[in-house]
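# Coordinate analysis (summary)
Here is what each chain is made of, one letter per residue.
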Amino acid sequence: MKDELEMRRVLNDTLIELSKTNDKIVVIESDLQSCHLTNKFFGKEYPDRVINVGIAEANMIGVAAGMSTMGKIPFALSFGPFATRRCYDQIFISVAYAKQNVKIVGSDPGVTAEANGGTHMPFEDMAIMRAVPTMICFEPTDAAQFKAAIPQIVEHYGPVYIRMFRKQAEQVFCDECMKDFKLGKASKVKDGKDVTIFASGIMVSRAVEAAELLKAEGIDAAVSNLHTWKPIDEEAIEEAAKKTGAIVTAENHNIIGGLYSAVAEVVAKKCLVPVEAVGVNDEFGQVGKNPYLSEVYHLTTADIVAAAKKAVSRK
Amino acid sequence: MDKEKLAFLEAKAKKLRYDVIEMIGHFGVGHIGGCMSVMDALTAIYYDKGNMDAKDPKKVDRDRVVMSKGHAGPAMYAVLRDKGYFPEDWITTLNKNGTNLPSHCDMNKTPGIDMTAGSLGQGISCAVGMAIAAKMDNNPATIYCFIGDGESDEGQVWEASMYAGSHKLDNLILLLDYNKMQLDGPVSVINELAPVADKWEAFNFFVQVVPGHNIEAICEAIDKAKANKGKPSMIVLDTIKGYGASFTEGVANCHSMSITEEMWRKETGRDA
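A brief look at the structure comes next. (Residues numbered from 1 in each chain as written. Chains lettered and ligands numbered in written order. Predicted model: local features only at pLDDT ≥ 70, side-chain atom pairs only at ≥ 80, totals over all residues. Heavy atoms only, no water.)

Across its full length, chain A carries 13 helices and twelve strands. Taken over the C-alpha trace, chain A has a radius of gyration of 19 Å; the compact-globule value for 315 residues is 20 Å, and the two agree within 12%. Looking at chain A residue by residue over its 315 residues, the buried ones come to 63%. Across chain A, every contact between residues at least 6 apart in sequence was considered, and the portion connecting residues at least 24 apart equals 80%. On chain A, roughly 12100 Å² of surface is accessible, and the fraction owed to carbon and sulfur atoms is 53%. Computing the positive centroid from 36 side-chain charges and the negative centroid from 41, chain A places the two 2 Å apart. (Helix = DSSP H or I, 4+ residues; strand = E, 2+ residues; numbered from the N terminus. Rg over C-alpha atoms; globule rule 2.2 N^0.38 Å. Buried < 20%, exposed > 50% of the residue type's maximum accessible area, 1.4 Å probe, protein only. Contact = heavy atoms within 4.5 Å. Areas by Shrake-Rupley, 256 points an atom, 1.4 Å probe, with all protein chains shown as cover. Lys, Arg positive; Asp, Glu negative; His and termini not counted. Charge placed at Lys NZ, Arg CZ, Asp CG, Glu CD.)

All right, on to helix 4 (residues 57–69) of chain A then. All names here are of chain A. The end-to-end C-alpha distance of helix 4, which contains 13 residues, comes to 19 Å, matching closely the 18 Å that a straight helix rising 1.5 Å per residue would cover. Counting buried positions along helix 4 gives twelve out of 13 residues, so the element sits mostly inside the fold. Those residues of helix 4 that fall on the buried side of the exposure criterion are E57, A58, N59, M60, I61, G62, V63, A64, A65, G66, M67 and S68. Backbone geometry just downstream of helix 4 places G71 in the positive-phi region, at approximately 100°. (Expected span 1.5 Å × (residues − 1).)

In this section: the state of the cysteines. Counted under the stated rule, the structure contains zero disulfides over all chains. Considering cysteine sulfurs only, A:C87 is the nearest to A:C35, which forms no disulfide, with 16 Å between them. B:C254 takes part in no disulfide bond, and the closest cysteine sulfur, belonging to B:C35, lies 10 Å away. On the basis of relative accessibility, which here comes to 0%, the residue B:C254 falls in the buried class. (Disulfide = S-S within 2.5 Å.)

A few words on the interface of chain B and chain A. In this complex, chain B contributes 25 residues to the contact, which on the side of chain A involves 26 residues. For the pair chain B and chain A, the summed buried surface comes to about 2000 Å²; carbon and sulfur atoms form 61% of the total. Here chain B is connected to chain A by one salt bridge. Where A:K72 meets B:D137, a salt bridge forms, and the shortest distance between an N and an O atom there is 2.6 Å. Linking chain B with chain A are ten residue pairs in polar contact (both at pLDDT 80 or more). For the side of chain B that touches chain A, the secondary structure elements donating two or more residues are helix 4 (122–136) and helix 5 (155–166) of chain B. Looking at the side of chain B that touches chain A, its residues break down into eleven nonpolar, nine polar and five charged. (Buried area = accessible area lost by both parts, 1.4 Å probe. Salt bridge = Lys/Arg side-chain N within 4 Å of Asp/Glu carboxyl O. Polar contact = N/O pair within 3.5 Å; in protein donor to acceptor, adjacent residues only side chain to side chain. Nonpolar A, V, L, I, M, F, W, Y, C, P; charged D, E, K, R; others polar.)

Tallied over the full model, the rule gives 42 salt bridges over all chains. Of the charged contacts, one joins A:E265 and A:R130 as a salt bridge, the two residues approaching to 2.7 Å between their closest N and O atoms. Residue A:E265 is found in helix 11 (residues 259–270), and its partner A:R130 is found in helix 7 (residues 125–130); the two are separated by 135 residues along the sequence. When its relative accessible area of 45% is taken as the criterion, A:E265 is described as partly exposed. Under the relative-accessibility criterion, A:R130 is labelled buried at 17%. When salt bridges that share partners are traced, they join B:K12, B:K15, B:D19, B:E22, B:R81, B:D82, B:E88 and B:R270 into one network.

What follows concerns the sheet that holds strand 4 (residues 103–107) of chain A. All names here are of chain A. An order of 2-1-3-4-6-5-10 is seen for the seven strands of this open sheet, with the pairing classed as mixed. The two strands at the open ends of the sheet, each matched to only one other strand, are strand 2 (50–52) and strand 10 (228–230). Between one strand axis and the next, the sheet turns through 20° on average, direction left out of account. Strand direction decides the pairing type here: strand 3 (residues 73–79) and strand 4, joined by five bridges, are parallel. Looking at strand 4, one finds that A76 is bridged to I104. (Pairing = 2+ DSSP bridges. Axes fitted to C-alpha atoms, helices over the stretch in contact; angles between N-to-C directions.)

Residues and elements named next belong to chain B. Spatial strand order, 2-3-4-8-7: five strands in an open sheet with parallel pairing. Two strands lie at the open edges of the sheet, namely strand 2 (64–67) and strand 7 (206–211), each paired on one side alone. Mean inter-strand twist for the sheet, computed between neighbouring axes without regard to direction, equals 20°. Where strand 4 (residues 172–178) and strand 8 (residues 233–238) come together, six bridges link them in parallel fashion. In the strand pairing of strand 8, D177 is matched with L237. The strands touched by helix 8 (residues 215–227) are strand 3 (143–148), strand 4, strand 7 and strand 8; relative to strand 7, the strand with the most contacts, the crossing angle is about 170°.

Take the nonpolar core next. Counting 135 residues, the largest nonpolar core has B:L42, B:Y46, B:F146 and B:W200 as the members making the most contacts within it. Once residues within four sequence positions are removed from consideration, B:Y46 is found in contact with B:M52, B:V65, B:M76, B:V79, B:L80, B:K83 and B:G112. Counting residues in hydrophobic clusters, the runner-up holds 35 residues, among them A:M7, A:L15, A:V105 and A:V160. (Core = buried A, V, L, I, M, F, W, Y, C linked by side-chain atoms within 4.5 Å.)

Bringing the packing of aromatic side chains into the picture now. Scanning the entire structure with this criterion turns up eight aromatic pairs over all chains. Relative to A:F82, the ring of A:F79 has its centre 6.5 Å away and its plane inclined at 50°; by these criteria the two rings are tilted. Ring geometry for B:W158 versus B:F203: centroids 5.1 Å apart, planes at 55°, classification tilted. Separated by 45 residues along the polypeptide, B:W158 in helix 5 and B:F203 in the loop between helix 7 (196–202) and strand 7 bring together distant segments of the chain. (Phe/Tyr/Trp six-rings, centres within 6.5 Å; stacked < 30°, edge-to-face > 60°.)

The structure is reproduced here in structure tokens:
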């Protein structure tokens, strides 16, 4: 079942709500307000707190950093590739190295860029953002989780990268079960004893489906959502490794430098168990609908099932 | 400007240049050329036109100085040290292990530095962001931002300038250190910036071109820039790279050079 609200709407509504008591939040766009609806919602409510710098992402990030030095909490938005690799050095130096409090939102993660194709399809955004010291890297799963996360992102002083699906996500969580949500702490979806599937973003609902299918084949899979890729929840990974003895990672992202890497780094350090990866294998994007591209890049429920079986067989 | 004040400012700029020579001399090598060329403008801002206070370095309504050509860090440090932002003896620590005075400006290391810079083209965007935020908050701060002529090869300089002109950021004063030399050679050979005034006029700036080593002219230009409403300002400082030291002034490769103890002592007349 899909969420009622689009993720971009959740961002707007939550920032509007927070801005009632926090006059420091500003939104900076590079000519994609219509795509993020910050013209219709946040900008309607707080027109003086939105800056549109035009199609100039490097300047957008610098402007955000400069505003941060004056006490503002800027949210700088663009499509994933343009919010990250297009202005990577600006993020690295003007924001992170300068210890500025800028939140960067990269929209349309991975295959969800659909018809915009290879130029607009970030499979590497989290990998490069993970390599920026102090950067928190977060991919919300659904509306309930995103709503719970945004106040914590605002509260945290320091740079945060938010990998945001723009549209209606598949609902996984509810407001009630997100009341204990913590950035950096995995959101457990279901318990299991044979293998743990660590999933992020659009892959979480697929992991839940995969667990159902695995059950029919006698494999009891746990599902956990690693929404925060950095800092990664080492405790949850170690616990899963010890308890289930096998791990699958599922990400709408290149496995090089992504969630697979982040999890494998912990497994190598804490508790060696088989880790199988579902994710994009060192490829560029292309145009196509999400279901088609998910087949092409092996991001489907069936791919997760196959990876889980393989992981279990390697125990 | 009265003669006494002008004499004070000129003497101050000379002293600060000697401090830069000594500071780089203690390390042995550094970006001397571009530090010497901006010193008169820095003196005009910090000792006459600017609103900053070493005793209250973070005061909200202070004027900001962004040294976007971040390799002129030593020029900033000479001023901030003289103003009392940090202890005098830091002069010997430039670029040494564990220092608070790195080659390129770092706001988290050096008291009085308003923005980290060094990757060229970035500071100007940050200055634009500061100007936007100041206007949002009715903060009277003037945002001064130094950029280099070589730095102006960077596309980000023009992204930032276009936005500043388009949005009439009249609390922003850009100062271009137009010394006409960049690391690999003359700006005119590598990537011609002329006609420089026309360029920023076309970006909707109020442009003034001043002799960059005439403090009185720089002060007057800052007054005019502040009085001119509805446009950001560009003050083109017509400068000489390495100005004010016999071994750097007009020397082709003075962007970064070695300075021995013998050289800086002889130049400054400071005894061991």
